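# Analysis of the macromolecular model
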Protein chains: 2
Amino acid sequence: MSGAGTAPGGDLPGVTATGAERGRVLAERAAGGERLALARLLTEIENRTWAGEAALRMLYPRAGRAHLIGVTGAPGAGKSTLVAALVGEARKGGRAVAVLAVDPSSPITGGAILGDRVRMQSYAADSGVFIRSMAARGHAGGLATTSVAAAAVLDAAGFELVLIETVGTGQSEVEVAAIADTTVVVQAPEMGDEVQAIKAGLLEVADIVVVSKGDRPGAQRAASQLRAMLTVGAREDRAAAGRPRPKRPEVLLVSAVSGEGVVELLAALDRRFDREARAAGGADRPIDAQRLARAEAQLSGVLSERMADRLRDPRRAADLRAAARAVAAHEMDPYTAADRLLESL
Amino acid sequence: MSGAGTAPGGDLPGVTATGAERGRVLAERAAGGERLALARLLTEIENRTWAGEAALRMLYPRAGRAHLIGVTGAPGAGKSTLVAALVGEARKGGRAVAVLAVDPSSPITGGAILGDRVRMQSYAADSGVFIRSMAARGHAGGLATTSVAAAAVLDAAGFELVLIETVGTGQSEVEVAAIADTTVVVQAPEMGDEVQAIKAGLLEVADIVVVSKGDRPGAQRAASQLRAMLTVGAREDRAAAGRPRPKRPEVLLVSAVSGEGVVELLAALDRRFDREARAAGGADRPIDAQRLARAEAQLSGVLSERMADRLRDPRRAADLRAAARAVAAHEMDPYTAADRLLESL
């Protein structure tokens, strides 16, 4: 068995069937701990194949135990280094941990801007660590649907912690917050003005804000400023009618390089997750608003895909093309065209 | 009549009807050059109201003449300054120009990270300039749908150039490229590694790459490097079977501060647009692949919205909630749940 969790797939002996049967076999093997099967299955999920769907249908009842942790932040904030440090700390405790590096960049390049590759390679032979990059392909919203599915597979495969890392520069951090149990926003001590503005959006999704590069001058001061800012924000939000803010994020200072603060971060994450579990009064976690919202988002994503599939049906492609042509020529407005297409569905 | 194109709306005398009738009145007034009506109509479009839809249905046949120019680039690249310079240059020629600053940041904050506000205020009294910020609200993909609708309204209102400015840090620049006739990617001469990687994605959508801050040391060299890189890229793309690259972007050096290169940029934009018009052999522009793709994206966006509306129907809300609860409890997988919901539609 190969220990290379990042392997793109390759041929998997014994798996030759197609579609649902292929998915069933992959699901069984992945759940049984075969890393190559897991890698292959994630590729099927990423490519939205029938096999991937069939596998997820099988594995879904087994999922729901892992702590899904979103890690986001502006480019250069230090996300990948922090993730690597968290993995190291989790492994010291013998806990199985998976990393999903979700790349929301151009679907054309599918560029890999995430992942501390060099640092992560030291885990290539560690069966308790699984690392995977995923590009968000195709239509918008695909990021969330694919990531939730991939996280559920890793969850079902027995990983206790699933770290979902994504660059937070727009819609993506909101999507990640929607699918994670806990969202960590990473913030470098010094950042430009425009990045600061983006950061404001990021902070709204944070359960925990990590000021990275804690060894740098000014990191302590940045953490204090953030705490002050978030206190004011929480007060303003309470004042704003109809928009209660249920949580005020913790701010932690971490130096991934020296390792300072990493233990505390993992402890804070565990505390948050345990609190949820205790609230349920036992081993089963409650279906809180967060989990319900995640399920709704997931459901909407699948519904959108299903509807898009219907439109892509070759029998309808000609209708769609003709309607688009009329819209492009400004002979028909897009609403009228859409309504006519919907009638034919 | 107010010259404040950026006015959020306010009360518009004489417009009190609701829904379709209200949309009709707003459409007539906006097309007639009433800036306050135009501002109000764009708010309706942004909020996806029936009035906005009714207005767009009316205005759509009048649209299709403006040159829609996407301006994107990483945070800090100098987009807003460039847009302000382009507006100034267009006004020297007496051309009506609209700016749509599309903010793809958090739907929670709706933060305004775009727009060179100070510089733009000098146009507040100029009826040939209209400036508007729009937040991308709600679901993913909404950016494109709302922006296309807003651009069509500005187009129908007689603006010759519509500049659609957005920060390019993920999905958004691809979406903007999909809705623009011409896409300008702004690139500062010096940028960090991670930003470089994002840039690679940006460059793929570019018709014209502007190296901004052309007065800075190294700008000339950055432009040369980009030209070399894009030549190699074009060659590689030709070599890659099945993925022909139809265009190789021009690289222009612009200093928005000194004004150097701005005339050349506007000339390059006009050249591109005229070439298209000439290809059609007359005043009417051809329905090229770009415009067809835009119409298809627009149509898909409206279809998704329509389908989402059906799901949000109060009579179905209970079904959706129950299904989400089953998925959240891992009693049912999202695919099975989605299929059952679809059967009931």
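Every residue gets a number counted from 1 within its own chain, in the order that chain's sequence is written. Here chains are named by letter from A upward and ligands by number from 1 upward, in the order in which they appear as written. Local features in this predicted model are restricted to residues of pLDDT 70 or higher, and side-chain atom pairs are both shown and tallied only at a pLDDT of 80 or more, whereas totals for entire chains, interfaces and linings draw on every residue. Note: side-chain values were computed over all heavy atoms of the structure, leaving out hydrogens and water.

Next up on the list: the overall build of chain A. On a plain count of helices and strands, chain A comes out with 13 helices and seven strands. Burial statistics for chain A: of 345 residues in total, 55% are counted as buried. Here, two residues are considered to be in contact whenever any of their heavy atoms come within 4.5 Å of each other. Of the contacts made within chain A by residues no fewer than 6 positions apart, 76% connect residues no fewer than 24 positions apart. For the area figures, the Shrake-Rupley method with a 1.4 Å probe applies, and any residue is considered shielded solely by the protein chains shown. When the accessible area of chain A is evaluated, it comes to approximately 14,300 Å², of which 53% is carbon and sulfur surface. Each helix is a run of DSSP H or I of at least 4 residues and each strand a run of E of at least 2, with the numbering of both proceeding from the N terminus. The buried label goes to any residue with under 20% of its type's maximum accessible area, the exposed label to any with over 50%, and the partly exposed label to all in between, with areas taken from a 1.4 Å probe on protein chains only.

Residue and element names in this part refer to chain B. Taking every second residue as pointing to the same face, both faces of strand β6 (residues 208-211) are buried, with I208 and V210 on one and V209 and V211 on the other. For two strands to be treated as a pair, DSSP must find no fewer than two bridges joining them. The pairing of strand β5 (residues 182-187) with β6 spans four bridges and is parallel. Residue V184 lies in a different strand from β6, and its bridge partner there is I208. Bridge analysis of β6 against strand β7 (residues 250-253) gives four bridges, and the strand direction is parallel. Bridge pairing in β7 places V209 opposite V251.

One can expect most non-glycine residues to show negative phi and most peptide bonds to be in trans. Residues and elements named next belong to chain A. With a phi angle near 55°, R48 is a residue other than glycine that sits in the positive phi range. Structurally, the position occupied by R48 is in the loop between α2 (35-46) and α3 (50-59). Backbone geometry at K213 places phi at a positive 50°, although glycine is not the residue there. Checked against the element boundaries, K213 lands in the loop between β6 (208-211) and α9 (219-239). A relative accessible area of 22% places K213 in the partly exposed class.

Turning to the confidence of the model for chain A, a few remarks are in order. Residues and elements named next belong to chain A. Model confidence for chain A is summarised by a mean pLDDT of 77, while 72% of its residues fall at 70 or above. Per-element mean pLDDT across chain A ranges from 56 in helix α8 (residues 193-204) up to 93 in helix α4 (residues 79-92). pLDDT: the predictor's confidence for each residue, scored from 0 to 100. Here residues 1-11 is a poorly scored stretch, pLDDT under 50, and it has 22 contacts once near neighbours within four places are set aside; other chains count. With pTM at 0.63, the complex prediction returns an ipTM value of 0.72.

On to the packing of aromatic side chains. Residue and element names in this part refer to chain A. The pairing test for Phe, Tyr and Trp rings, Trp by its six-membered ring, is centres within 6.5 Å, and the orientation test on the planes gives stacked under 30 degrees, edge-to-face over 60, and tilted for anything in between. A complete count under the given rule lists two aromatic pairs over all chains for this structure. An angle of 50° between the planes, with centres 6.1 Å apart, marks the rings of F130 and F159 as tilted. Of this pair, F130 sits in strand β3 (residues 129-135) while F159 sits in the loop between α6 (142-156) and β4 (161-167), and the two are 29 residues apart along the sequence. A residue is classified by how much of its surface remains accessible, and F130, at 0% relative accessible area, is buried. Take F159: its relative accessible area is 8%, and that puts it in the buried class.

Oppositely charged side chains can form a pair if their charged atoms are brought close together. Whenever Lys or Arg places a side-chain nitrogen within 4 Å of a carboxyl oxygen from Asp or Glu, that contact is recorded as a salt bridge. Across all of its chains, the model carries 32 salt bridges over all chains by this definition. Between D339 of chain B and R306 of chain A there is a salt bridge, and its shortest N-O distance comes to 2.7 Å. Linking D339 of chain B in helix α13 (residues 334-344) with R306 of chain A in helix α11 (residues 289-312), this pair reaches from one chain into another. Between R132 of chain B and E46 of chain B there is a salt bridge; the shortest N-O distance is 3.2 Å. Of the two residues, R132 of chain B sits in strand β3 (residues 129-135) while E46 of chain B sits in helix α2 (residues 35-46), which places them 86 residues apart along the sequence. We classify E46 of chain B as buried; its relative accessible area is 9%. Several salt bridges converge on common partners, so that one network encompasses E53, R57 and R306 of chain A together with D339 of chain B.

Moving on, we get to helix α12 (residues 314-328) of chain B. The span one expects for a helix is its residue count, reduced by one, times 1.5 Å. Over its 15 residues, α12 of chain B extends 21 Å from the first C-alpha to the last, a length consistent with the 21 Å expected when each residue adds 1.5 Å. Every buried residue belonging to α12 of chain B is among L320, A323, A324, A326, V327 and A328 of chain B, and all of these are buried. Here the buried face of α12 of chain B lies against α11 of chain A together with α11 (289-312) and α13 of chain B. Positioned one or two residues after α12 of chain B, H330 of chain B has a phi angle of 60°, which is positive.

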